[in-house]
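The chain contents come next:
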Amino acid sequence: MSGEEEQGAHQGTGGGGDGGDGTNASIKLLVSNKAVGQVIGKGGAMISQIKEASGAHIKISSSGDFFPGTQERVVLATGSINAVLTAAQLVTAEVAKHQAAAQAELMGAGEITGDEMVLSVALPGAACGLVIGKGGERINILREQCQCKIHMQSKDKAVPGVEERLVTMTGESSSVQMALEKIILLMSEDGTVHYDNPTTNYAQSGGYPSLAFNARAAVPGQVTATNQGSLLSSMDQMQVQIRLGVPENQVGNLVGKGGSTIKEIIALCGAQVKLSQKGDVVPGTQNRIVTVTGNTLSSSYAHMLILQRVPETVQLP
């Protein structure tokens, strides 16, 4: 998508009605830079359709303006509860289409079946208790009802200065949409939780992306309080490629059911992760080749997550 198309798509993203019931609601969806192109559409056609169909106000953070600790942009929908529910469903549908197409291209035909997707949303800190429930009872009920994985970011993993935590849902697109709907309804019905930052901008959040801390062990030199900002800026501009060898009998652990695990890695890191076809192995071994491409931070983070899932992974020249 050209810069002109994206600029046109953002004009008036605050538009839309209240859906008729006068209730205020809002939700922040995290969407990869490439998936945002699918949501916006050519010349802004898709986002215009979504706004018209839902009646919600929709704002999308600028290219390169990511939610702290991720490589994903923020799609903020506000309006009546019905408007926000509809907007969230339509945006999620476009993200699912993008993820399915991207995985078919990256993994090759036959590697992934089904329509599993990964979606993260940023929730106000006060809403997290609502979703978890006493002793984790409510989140377990949601998992059972929606038949998808629902992971709540722990407090110690949240970005300092950001009063929001991430909930990541993994499963069939219909299951993820159901879970998202129930989470939005929980916040609306409670009536007391709201975003302290009702925008898509986190420049004044007071913290650097936590991704820097996850990846810093793989970055030469020590990150200090005085050099962290300039280091992050230079690393963001540096594109790298990491080649890894994963044993054939461990590929399933990396890919996951329906591609859920590798999709989650890509969604969390923002890096491209491509697995070689069956039979395309490192000479003299039974290791399939995994190629990770992205900036220094996203690639290092993806490498770390792959090692967590497949400890036998080896780095290739």
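So, here is what we can say about the structure in this document. (Residues numbered from 1 in each chain as written. Predicted model: local features only at pLDDT ≥ 70, side-chain atom pairs only at ≥ 80, totals over all residues. Heavy atoms only, no water.)

## Some points on the packing of helix H2 (residues 33-40) against helix H3 (residues 45-54)
Heads up, the rule is: To get an axis, fit a line to the C-alpha atoms, keeping to the stretch in contact for a helix; angles then go from 0 to 180 degrees between the N-to-C directions. Strands are runs of DSSP state E lasting at least two residues, helices are runs of H or I lasting at least four, and both sets are numbered from the N terminus onward. What makes two residues a contact is simply this: any of their non-hydrogen atoms within 4.5 Å. Ten residue types, Ala, Val, Leu, Ile, Met, Phe, Trp, Tyr, Cys and Pro, are classed as nonpolar, four, Asp, Glu, Lys and Arg, as charged, and the remainder, Gly among them, as polar.
Relative orientation of the contacting elements H2 and H3 amounts to 65°, with a least axis distance of 5 Å. Residues Gln38, Val39 and Ile40 of H2 pack against Ala45, Met46, Ile47 and Ile50 of H3. Tallied by class, the residues present in the contact of H2 with H3 amount to 6 nonpolar, 1 polar and no charged.

## What about unusual backbone geometry?
Backbone geometry places Gln147, a non-glycine residue, at a positive phi of 55°. Positionally, Gln147 belongs in the loop between helix H6 (137-146) and strand S5 (149-152).

## Observations concerning the packing of aromatic side chains
Here is the rule: We call Phe, Tyr and Trp rings a pair once their centres come within 6.5 Å, taking the six-membered ring for Trp, and we label the pair stacked below 30 degrees between planes, edge-to-face above 60, and tilted otherwise. Between buried and exposed lies partly exposed: a residue is buried under 20% and exposed over 50% of the maximum accessible area for its type, with that area taken using a 1.4 Å probe on protein chains only.
Using the criterion set out here, one finds 1 aromatic pair in the structure. Judged by centre distance (4.9 Å) and plane angle (70°), the rings of Phe67 and Tyr202 are edge-to-face. With Phe67 in the loop between strand S2 (57-60) and strand S3 (72-79) and Tyr202 in the loop between helix H7 (173-190) and helix H8 (211-215), this residue pair connects regions lying 135 residues apart in the sequence. A residue is classified by how much of its surface remains accessible, and Phe67, at 3% relative accessible area, is buried.

## Examining the nonpolar core
In plain terms, the rule: To form a nonpolar core, buried Ala, Val, Leu, Ile, Met, Phe, Trp, Tyr and Cys residues must be joined to one another through side-chain atoms within 4.5 Å.
Counting residues in hydrophobic clusters, the biggest one holds 49 residues, and the most contacted among them are Ile27, Leu29, Leu123, Met169 and Leu180. At 9 residues, helix H4 (residues 81-107) tops the list of elements feeding residues into this core. Apart from the residues within four sequence positions on either side, Leu29 is in contact with Arg73, Val74, Val75, Ala88, Val91, Thr92, Leu119, Ser120, Val121 and Leu180. Residues Val255, Ile265, Tyr301 and Val310 belong to the second largest nonpolar core, which totals 20 residues.

## Some remarks on the pattern of salt bridges
How we decide: Salt bridge, as used here: a side-chain nitrogen of Lys or Arg that lies within 4 Å of a carboxyl oxygen of Asp or Glu.
As enumerated under the stated definition, the model contains 3 salt bridges in all. Here Glu164 ties to Lys28 by a salt bridge, and the two come within 2.9 Å at their closest N and O atoms. In this pair, Glu164 sits in strand S6 (residues 164-172) while Lys28 sits in strand S1 (residues 25-32), placing the two residues 136 residues apart along the sequence. When its relative accessible area of 4% is taken as the criterion, Glu164 is described as buried. Across the pair Glu94 and Lys97 runs a salt bridge, and its minimum N-O distance is 3.2 Å. Of this pair, Glu94 and Lys97 both sit in helix H4, 3 residues apart, which is roughly one turn of that helix. The exposure class of Glu94 is buried, given its relative accessible area of 6%.

## Considering the sheet that holds S2
Quick reminder of the rule: Each pair of strands is called paired provided DSSP finds at least two bridges between the two strands.
The strand order across the open sheet formed by 6 strands is S2-S3-S1-S4-S6-S5, and the pairing between neighbours is antiparallel. Of all the strands in the sheet, just S2 and S5 have a single pairing partner and so form its edges. Pairwise comparison of adjacent strand axes, ignoring direction, gives a mean angle of 25° for this sheet. For S1 and S3, the ladder comprises 8 bridges, and the chain directions are antiparallel. Looking across to S3, one finds that Ser32 is bridged to Glu72. Of the strands in this sheet, strand S4 (116-124), S5 and S6 are in contact with helix H5 (residues 125-132), which crosses S4 at around 125°.

## Observations concerning the side chain of Ser80
Quick reminder of the rule: The definition of a polar contact used here is a pair of N or O atoms within 3.5 Å, where within protein one atom must be able to donate a hydrogen and the other to accept one, and adjacent residues in sequence count solely through side-chain atom pairs.
Assignment of secondary structure puts Ser80 in the loop between S3 and H4. From its side chain, Ser80 meets the backbone nitrogen of Ala83 in a polar contact 3.0 Å long.

## A closer look at the sheet that holds strand S9 (residues 287-295)
Taken together, 4 strands build an open sheet; the order of strands is S8-S9-S7-S10 and the sheet is antiparallel. Lying at the two open borders of the sheet, with one neighbouring strand each, are strand S8 (272-275) and strand S10 (314-315). As paired elements, strand S7 (residues 239-247) and S10 share 2 bridges and run antiparallel to each other. Bridging from a neighbouring strand, Leu244 pairs with Gln315 of S10. The sheet contacts of helix H12 (residues 296-309) involve S7, S8, S9 and S10, and relative to S9 the element is tilted by about 150°.

## Here we look at helix H11 (residues 260-269)
Because an α-helix completes one turn every 3.6 residues, residues spaced three or four positions apart along the sequence face the same direction. Here H11 lies mainly inside the structure; 9 of its 10 residues are buried. When we look at burial in H11, the residues that qualify are Ser260, Thr261, Ile262, Lys263, Glu264, Ile265, Ile266, Ala267 and Cys269. The first or second residue beyond H11 is Gly270, which carries a positive phi of 80°.

## Let's talk about the state of the cysteines
So the rule is basically this: The rule for a disulfide is simple: a pair of cysteine sulfur atoms within 2.5 Å.
Per the counting criterion, the structure on display carries 0 disulfides. Free cysteine Cys146: the closest other cysteine sulfur is in Cys148, separated by 5.2 Å. On the basis of relative accessible area, Cys146 is assigned to the buried category, the value being 2%. With a relative accessible area of 8%, Cys148 lands in the buried category.

Fair warning: the whole summary comes from geometry, so function is off the table for now.
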